[in-house]
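Observations on the model geometry
One-letter residues, chain by chain:
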Amino acid sequence: MTRAEIMNGLTEIFRDVFEDDSLVLTEDTNANDIDDWDSLMHITILQAVQGEFNVEFGIDEITSMKNVGEMINLVESKLK
Amino acid sequence: MGYFDYPLDTAYLLRKKRGIKKELLAKDCNWIEKKVAVLGGSTTNEVVSQLELVLLNYGIKAEFYQSEYGQYWQDGVLGNEELDAFNPDIIVVYTSWRNITTFPTTLNTPEEATEILDSQYKHFTTLWEALEKKFNCPIIQNNFDRPNYRIMGNRDIWDDRGRSNFIAKLNLKFSEYAMSHENFYINDLDYLAADYGLSAWADSTYWHMYKYACNLDAIPYVAGSIGNIIKSIYGKNKKVFVLDLDNTLWGGIVGDDGVEGIAIGPEVPMGQVYAEFQQYLKDMQQVGAVLAIDSKNEHENAIAGLNHPSGILKPDDFVDIKANWEPKDRNIVEIANELTLGVDSFVFVDDNPAEREIVKAQVPSVSVPDIGKVDDYIRVLDHGGYFETTTLSKEDLAKTAQYHAKAQAAQEQASFADYGEYLDSLQMTAEITSFEPIILQRVAQLTNKSNQFNLTTLRCTEDDIKSMEENDSHICLAGRLIDKFADNGVVTVVAGEIVENSAQVKALDIKLWLMSCRVLKRGMEDLMMNTLVAEAKTKGASKIVGHYYPTAKNGMVKEFFGDFGFSKVSEDADGNAQWELDIASYEQKEVHIESK
């Protein structure tokens, strides 16, 4: 799966979670860029991402993730 | 909206909760509004989000209060202005085993273990009493899930010092409290965890990362469980299971396979599964569930199937049996009217996806779960929580009888006046012939198959049939019935012999009279008698002699000849009876069937 494909999957998830079809992500997008992206929404996102790509994140991995780019890195490394 | 039918699509519910909420709020509904306080011993945000959806689905618009993380006890016992001002209609105490502050250890004596148990229990009773005093509203309390590890292995459950043992006892104490206090309900977290799968449920990532008491993916199920209790408290339980018959209550199709051919009862695995499902429904009557039938079948076949000796449910278990060829949604609406209930209190249970689709589309407020394969039926219906029992009354047990009377009265009113009209609406035509070669086989088959509507139970081979037909002293009649739904084929067979007594009086002696139960109450037997009497007259007979030989199955025709004006002339100890009719006194029966 390419980074672009993972980005597409993430965009779908973010649009569903925030109920906003116009939402556009970049690798730099982080919690400060999206209203409502609080710690609770973050849990929902992580749950959806793990389900969507059928991967599992460890506690240390979850805590070190800073933006969408790092989320893609993590998914990519799990899929290898 | 099927989002909440079991099994839940939990990933979708979690991810799309905002969109689903919008959709639910847009529906046309008589909302009731309730204030729900969730006092948590762990993070409860997702519980509240999911519970909000569940309640909206039940027509309850809830406003929520959540205690600060872990403050469930302080909020209740020490007080909290915000909670006081909120003044809840219902309180959920959302705790888990993680909130048990002290467990006994192997260093404790059994007496000390009991003291620890009492003190943990007291911690909660103090809370409940404070909440009751202050708010006097229903309290829903989680019992405890088990940790997924056991310090002493199997000993953990039987040793007083084991955690599993301790939790089991604490849960029992909670149950006793619930039994002795009105307005106090247990949300059975212990069951939910087991049902979900304890290891997956207890994935500790969710506790250590977010302080959720269980796997996030399990939360829609927990919310569903709490939602069931709440909607039940506010009178939004279902009331009626509307059930299909063929491949729903038994395996096979009774109209085709015959009563002997359907799978129900202990003989084969398939029959066992259906019997267990019937037993489940029978047991559900104990909590007030009312059963009705909505089946595409001849009514007689439906009744015959329900009277199968190995069946658990009998015709009397149903308040209403709609076995006909009407669209199922129309039957449902009719049942609702007869019982004076709303269709929103109905659960429609049918193995056929096409029928489910029609009902979903035509009467959307009926619950129409995808019941899956027969071995899934119980699980799907049970997990639907349709009959969550928060109150249990003597009336629940009598419900079937009450609705029975109601439905019967309504039906009599509705149909008595126009039964003839109903028969006319079937647009029946009949063709009555002798035993022509082309139907010989069918006639012989009927004599060997028909048990119920069969006066003499005379079994015949094709040769027997043929020789009757070829014998001039015999009158042989086979009736074929066609209605607007189907050509039922040859459904009735009558044969008699003209005999002459010593006084040279000719009489027709009826050797054979049978009819398929599929066409019962259509007036076909009346048409046959009219025809037979006319034929007997042309053969110079002045009397007709009928016989009834009782068997285990043909009780329904015991008085058959009496209904046509025959007089019983003899009857022996076994019930074998002879009837006679003076042809001159025969009154033609009115029929609603056209003759070809």
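Definitions and cut-offs
Residues numbered from 1 in each chain as written. Chains lettered and ligands numbered in written order. Predicted model: local features only at pLDDT ≥ 70, side-chain atom pairs only at ≥ 80, totals over all residues. Heavy atoms only, no water. Helix = DSSP H or I, 4+ residues; strand = E, 2+ residues; numbered from the N terminus. Rg over C-alpha atoms; globule rule 2.2 N^0.38 Å. Buried < 20%, exposed > 50% of the residue type's maximum accessible area, 1.4 Å probe, protein only. Contact = heavy atoms within 4.5 Å. Areas by Shrake-Rupley, 256 points an atom, 1.4 Å probe, with all protein chains shown as cover. Lys, Arg positive; Asp, Glu negative; His and termini not counted. Charge placed at Lys NZ, Arg CZ, Asp CG, Glu CD. Core = buried A, V, L, I, M, F, W, Y, C linked by side-chain atoms within 4.5 Å. Salt bridge = Lys/Arg side-chain N within 4 Å of Asp/Glu carboxyl O. Polar contact = N/O pair within 3.5 Å; in protein donor to acceptor, adjacent residues only side chain to side chain. Pairing = 2+ DSSP bridges. Axes fitted to C-alpha atoms, helices over the stretch in contact; angles between N-to-C directions. Arc of directions from axis to C-beta. Disulfide = S-S within 2.5 Å. Right-handed = clockwise from strand over helix to strand, strands pointing away. Buried area = accessible area lost by both parts, 1.4 Å probe. Nonpolar A, V, L, I, M, F, W, Y, C, P; charged D, E, K, R; others polar. pLDDT = per-residue confidence, 0-100.

1. So, the overall build of chain B
Regarding its fold elements, chain B presents 23 helices and 17 strands. Its C-alpha atoms give chain B a radius of gyration of 33 Å, more than 25% over the compact-globule value 25 Å for 596 residues. Sorting the 596 residues of chain B into buried and exposed places 51% on the buried side. Residue pairs at least 24 apart in sequence account for 71% of intrachain contacts in chain B once pairs closer than 6 positions are excluded. For chain B, the computed accessible surface area is about 27000 Å², with 48% contributed by carbon and sulfur atoms. Of the side-chain charges in chain B, 58 are positive and 91 negative, and the distance between the mean point of each set is 5 Å.

2. A few points about the nonpolar core
Of all hydrophobic cores here, the largest spans 68 residues; its most connected members are Leu10, Phe14, Phe18, Val49 and Phe57 of chain A together with Trp201 and Ile226 of chain B. Contact partners of Leu10 of chain A, with chain neighbours within four places excluded, come to Leu25, Val49, Phe53, Val68, Met71 and Ile72 of chain A. Listed in part, the 39 residues of the second largest apolar core include Met515, Ala536, Trp579 and Ile583 of chain B.

3. Description of the side chain of Asp75 of chain B
Residues and elements named next belong to chain B. With respect to the element layout, Asp75 can be found in helix H4 (residues 72–78). No salt bridge is formed by the buried Asp75; the nearest opposite charge belongs to Lys134, separated by 8.7 Å. Within polar-contact distance, the side chain of Asp75 engages the side chain of Asn80 at 3.0 Å. Apart from residues no more than four positions distant in its own chain, Asp75 is found in contact with Leu39, Tyr65, Ser67, Asn80 and Leu83.

4. Brief notes about the sheet that holds strand E3 (residues 90–94) of chain B
All names here are of chain B. Spatially, E2-E1-E3-E4-E5 is the arrangement adopted by the 5 strands of the open sheet, whose pairing is parallel. Two strands lie at the open edges of the sheet, namely strand E2 (60–66) and strand E5 (184–187), each paired on one side alone. Averaged over all neighbouring strand pairs, the angle between strand axes comes to 25°, with direction disregarded. Sheet topology note: the strand E1 (residues 32–40)/E2 ladder contains 7 bridges and is parallel. Each residue of the ladder has a partner; that of Lys34, found in E2, is Ala62. Here helix H3 (residues 45–57) sits on the sheet in contact with E1, E2 and E3, set at roughly 165° to E2. Contacting strand E4 (139–142) and E5, helix H8 (residues 163–180) runs over the sheet at an angle of about 145° to E5.

5. What about helix H13 (residues 254–261) of chain B?
Residue and element names in this part refer to chain B. All of the buried residues in H13 are Val254, Gly258 and Val259. Angularly, the buried residues of H13 cover 135° about the axis, an arc narrow enough to put them on a single face. Opposite its buried face, H13 presents the exposed residues Asp256 and Glu260, each directed more than 90 degrees away. Packed against the buried residues of H13 are helix H15 (299–306).

6. Digging into the pattern of salt bridges
What the rule picks out here adds up to 33 salt bridges over all chains. Between Asp376 of chain B and Arg379 of chain B there is a salt bridge whose closest N-O contact spans 2.9 Å. We classify Asp376 of chain B as buried; its relative accessible area is 15%. Sharing partners across several salt bridges, the network here consists of Asp16 and Glu52 of chain A together with Arg15 and Lys16 of chain B.

7. Notes on helix H2 (residues 17–25) of chain B
Note on helix geometry: an α-helix contains 3.6 residues per turn, so any two residues three or four positions apart are oriented the same way. Every buried residue of H2 of chain B is accounted for by Lys17, Gly19, Ile20 and Leu24 of chain B. Seen end-on, H2 of chain B carries its buried residues on one side only, within an arc spanning 160°. Buried-residue contacts for H2 of chain B involve helix H2 (39–53) of chain A together with helix H1 (10–15) and H3 of chain B.

8. Structural notes on the sheet that holds strand E8 (residues 318–324) of chain B
Residue and element names in this part refer to chain B. Strands sit in the order E8-E7-E6-E9 across an open sheet of 4 strands; the sheet is parallel. One side of each edge strand has no neighbouring strand; the edge strands of this open sheet are E8 and strand E9 (346–349). Across the sheet, the mean angle from the axis of one strand to that of its neighbour is 15°, orientation sign disregarded. Relative to strand E7 (residues 290–296), strand E6 (residues 240–243) is paired through 4 bridges, and the arrangement is parallel. Its bridge partner lying in E7, Phe241 is registered against Leu291. Contacts between helix H14 (residues 269–284) and the sheet are confined to E6, E7 and E9, with E6 contributing the most and set at about 150° to the helix. Along the sheet face, H15 touches E7 and E8 and points at about 135° away from the line of E8.

9. So, the state of the cysteines
All names here are of chain B. For the structure shown, the criterion picks out 0 disulfides over all chains. With no disulfide of its own, Cys460 lies closest to Cys476 among cysteine sulfurs, the gap being 9.8 Å. Classification of Cys460 by relative accessible area gives buried; the value is 4%.

10. Things to note about the pairing of E7 of chain B
Residue and element names in this part refer to chain B. Within E7, 6 of the 7 residues are buried, leaving the element largely enclosed by the surrounding structure. Sheet topology note: the E7/E8 ladder contains 6 bridges and is parallel. By the bridge assignment, Ala292 is partnered in E8 with Asp320. Taken together, E7, H15 and E8 form a β-α-β motif whose crossover is right-handed.

11. So, the interface of chain B and chain A
Each side of the interface is counted separately: chain B has 19 residues, and chain A has 18 residues. Taking both sides of the interface into account, the surface hidden between chain B and chain A amounts to around 1600 Å²; carbon and sulfur atoms contribute 58%. Where chain B touches chain A, the interface holds 5 salt bridges. The partner of Lys22 of chain B in a salt bridge is Glu19 of chain A, and the shortest N-O contact between them spans 3.3 Å. On inspection of chain B and its partner chain A, the count reaches 9 residue pairs in polar contact (both at pLDDT 80 or more). The element contributing the most residues to the side of chain B that touches chain A is helix H11 (residues 205–210) of chain B, with 5 residues. Counted by class, the side of chain B that touches chain A contains 6 nonpolar, 6 polar and 7 charged residues.

12. Points about the environment of Lys314 of chain B
All names here are of chain B. Structurally, Lys314 can be placed in the loop between H15 and E8. Measuring from C-alpha to C-alpha, the distance between Lys314 and Glu63 comes to 46 Å, with 251 residues separating the pair along the chain. Non-local contacts of Lys314, meaning those with residues more than four positions away in its chain, are made with Leu306, Asn307, His308 and Pro309.

13. Things to note about the confidence of the model for chain B
Per-chain confidence: chain B averages 92 in pLDDT, with 96% of residues scoring 70 or above. As a predicted assembly, this complex carries a pTM of 0.72 together with an ipTM value of 0.91.

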